[in-house]
Every structure is written in C-alpha cells, then in structure tokens.
Amino acid sequence: NSNGSSTSKSSSSPTPIITKICVRDATKPRDFTIDDSTQIVTDVQSILDDSDIDLVVEVAGGVTFAKDAVYASLKSGKSVVTANKALIAENLEEIVDMLNEQNKDTTKR
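Residue numbers here run from 1 along each chain, matching the order of that chain's written sequence. Per-residue local features are limited, in this predicted model, to residues with pLDDT of at least 70; the limit for side-chain atom pairs, both in listing and counting, is 80 or more; totals at the level of whole chains, interfaces and linings are taken over all residues. Note: side-chain values were computed over all heavy atoms of the structure, leaving out hydrogens and water.

*Asks:* Please explain helix H2 (residues 64–75) as it appears in this structure.
*Replies:* Because an α-helix completes one turn every 3.6 residues, residues spaced three or four positions apart along the sequence face the same direction. With 12 residues, H2 extends 16 Å from end C-alpha to end C-alpha; this agrees with the ideal 16 Å at 1.5 Å per step. Within H2, burial applies to Ala66, Ala69, Val70, Tyr71, Ser73 and Leu74. A helix here means a DSSP run of H or I that spans at least four residues, while a strand means a run of E at least two residues long, and both kinds are numbered starting from the N terminus. At the exit of H2 stands Gly77, carrying a positive phi of roughly 85 degrees. Every helix has an expected span of 1.5 Å times one less than the residues it contains. Burial classes: relative accessible area under 20% of the type maximum marks a residue as buried, over 50% as exposed, and values in between as partly exposed (1.4 Å probe, protein chains only).

This is the structure:
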C-alpha cells in the first residue's frame, strides 16, 4: 500500500508521469510493478522539494500522515488529489481556509 504518488510536468505529453511513490516501508513486497524511471521514496520531503512535480496523489488513508503530506503539498504550491474521506471530514474547513489564503496571496502578485 503506497502512501502517495506524484506526477511530473511533461511538455511532450498531456499524460501524467508518475515520477515518485512515497511509501512507509520501501522494503515491503509490492503486488505491482513500476516503470524504471519511477522512484520509491520513504520521505515525502523528496516530493515536496522536487520542482518538476506539480501534482500529489494521496492514497495513504488515515489522517495523521495524510494530513501532514496534503498540507505540506498544498503549502509548497502543488495540486493535491485525495479520496481520503476521514481527512476531508475532519479538516475541510481548515483546508478551504488554507486554499483561500493561498489564492489571496496569488492574486496580490
């Protein structure tokens, strides 16, 4: 079970490219294969620091790690996709406030 995956911008193709997958345990056997160009990482910071990544897909489940990853991704200017109902239910107002604040900052420039 992966914690999250991220995609990188590609000027030659509109199809997202999965460049990194963040997992809790990189040594755990997986029931899927990945492309040779995709990295398995255990530190979400490597995704946040990668300027080529503009979209983060959170599939970790739970709330604590997922919340930290989603908030950090949003704060670093990345788009986020999540189907984490617990995260959204518990934090929707805070997430909306964060996004509204970021939109204010963007429109002031």
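*Asks:* Is there a simple way to think about the pairing of strand S5 (residues 79–82) in this case?
*Replies:* A regular strand places its side chains on the two faces of the sheet in alternate fashion. Relative to S5, strand S4 (residues 53–58) runs parallel, the two sharing four bridges. The residue bridging Leu55 from the neighbouring strand is Ser79, located in S5. Handedness of a crossover is defined as follows: orient the strands so they point away from the viewer, and if the path from the first strand over the helix to the second runs clockwise, the crossover is right-handed. Read as a crossover between parallel neighbours, the route from S4 over H2 to S5 is right-handed. Two strands pair if DSSP finds at least two bridges between them.

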